[in-house]
Amino acid sequence: MSGNVFYVGGSKGGVGKSLFSFALIDYLLEKDRKVLLVDTDTDNPDVYKAHKNLALDNLLCRLNSLDDADGWADLLDTIQKYPEHAVVINAAARTKTSTQSYGDIMSEALRDMQRELAAFWIINRHRDSVELLHSFQEAFPDICVHVCRNLYFGEASRFDIYNTSKAREQVEQKGKTLDFPAVGNRVADWLYSKRMPIRSAMPEMPFGTRAELKRWRNLCAKLFDQVIGE
């Protein structure tokens, strides 16, 4: 698993991509993996800013815009330099157009590197979440995509548009439909406002907030165990 590349997307703001990346990075670090974080949201790089000062030998953090061909080339160069690192790409909301243009190039390049690309696609209950998923599937037709229903927006049964879609049928041919657990607002506010990674925030939180973070962290670990655990 050390060589895997994980793309965390959703192609629009506010669906929970950054929080999901927080959880994924935390999970991989808890497994003692070497991790390379590439935050492509250069306008609001919350994930990068939260983790860049975390003094760990097995964590590297980079900013990398994907707005044009040079940005995609830079991303591939960075991935190639660190073959033993699991790569977490936190995708910016604005990357839809460039992904459609360069997705096939990235897929081919990663195959040449013998790197496996998988995507976590975070959705809310709106129709455009499914439409944007379809666009992503067209750009990356051959990769494993796991769709993550963000339960902050309601129970899994309420994601009617996705649950009954052909996109779901296509996803589940290779990937899974997962449920990203909701977390209390006090935890999310703490992580974002203080820009702290989970492992740093834990000891500093008030008791009740820390208890909620532990609950959510355990649920996230169970989610990741389903698809990338050993």
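Computed from a predicted model, the values in this text were never measured in an experiment. (Residues numbered from 1 in each chain as written. Predicted model: local features only at pLDDT ≥ 70, side-chain atom pairs only at ≥ 80, totals over all residues. Heavy atoms only, no water.)

### Some points on the sheet that holds strand S4 (residues 86-90)
With parallel pairing, the seven strands of this open sheet are ordered in space as S3-S2-S4-S1-S5-S6-S7. Both outer strands of the open sheet, strand S3 (59-63) and strand S7 (177-180), are each paired with one neighbouring strand and no more. Averaged over neighbouring strand pairs, the angle between their axes works out to 20 degrees when direction is ignored. Of the pairings in the sheet, the one linking strand S2 (residues 35-39) to S3 comprises five bridges and is parallel in character. By the bridge assignment for S3, Val38 is matched with Arg62. The strands that helix H3 (residues 69-81) touches are strand S1 (5-9), S2, S3 and S4; relative to S4, the one it contacts most, it runs at about 155 degrees. Seen against the sheet, helix H5 (residues 127-139) touches S1, strand S5 (117-123) and strand S6 (144-150) and runs at an angle of roughly 165 degrees to S5. (Pairing = 2+ DSSP bridges. Helix = DSSP H or I, 4+ residues; strand = E, 2+ residues; numbered from the N terminus. Axes fitted to C-alpha atoms, helices over the stretch in contact; angles between N-to-C directions. Contact = heavy atoms within 4.5 Å.)

### Section: a negative patch on the surface
Where like charges cluster on the molecular surface, the negative patch consists of Asp68, Asp70, Asp74 and Asp77. Looking at where Asp70 falls in the secondary structure, it is placed in helix H3. Accessibility expressed as a relative area gives 57% for Asp70, which makes it exposed. (Patch = residues over 30% accessible without salt bridge, like charges linked within 9 Å, V, L, I, M, F, W, Y side chains within 5 Å. Areas by Shrake-Rupley, 256 points an atom, 1.4 Å probe, with all protein chains shown as cover. Salt bridge = Lys/Arg side-chain N within 4 Å of Asp/Glu carboxyl O. Lys, Arg positive; Asp, Glu negative; His and termini not counted. Charge placed at Lys NZ, Arg CZ, Asp CG, Glu CD. Buried < 20%, exposed > 50% of the residue type's maximum accessible area, 1.4 Å probe, protein only.)

### A look at the pattern of salt bridges
Inspection of the entire model under this criterion finds nine salt bridges. One salt bridge connects Lys31 with Asp225, and the closest N-O pair in it is separated by 4.0 Å. Taken together, the positions of Lys31 in the loop between helix H1 (17-30) and S2 and Asp225 in helix H10 (residues 207-227) put the pair 194 residues apart, joining distant regions of the chain. Of the residues examined, Lys31 reaches a relative accessible area of 42% and is grouped as partly exposed. Close ionic contact of Glu212 with Arg215 constitutes a salt bridge, the shortest N to O distance being 2.8 Å. In this pair, Glu212 and Arg215 both sit in helix H10, three residues apart, roughly one turn of the helix. For Glu212, a relative accessible area of 18% gives the class buried. Assessed through its relative accessible area of 38%, Arg215 is described here as partly exposed.

### Side note on the packing of aromatic side chains
The tally for this structure, following the rule as stated, stands at 14 aromatic pairs. On the basis of an interplanar angle of 45 degrees and a centroid distance of 5.1 Å, the ring pair of Phe20 and Phe120 is categorised as tilted. Of the two residues, Phe20 is situated in helix H1 and Phe120 in strand S5; the sequence distance between them amounts to 100 residues. Look at Phe20 and you get buried, because its relative accessible area is 0%. Centroid distance Phe20 to Phe224: 5.3 Å. Interplanar angle 75 degrees. Geometry classified as edge-to-face. In this pair, Phe20 is assigned in helix H1 and Phe224 in helix H10, connecting sequence segments 204 residues apart. Above the plane of the ring of Trp190 lies Lys194, whose end atom (NZ or CZ) is 4.6 Å from the centre. (Phe/Tyr/Trp six-rings, centres within 6.5 Å; stacked < 30°, edge-to-face > 60°. Lys NZ or Arg CZ within 6 Å of the ring centre and 35° of its normal.)

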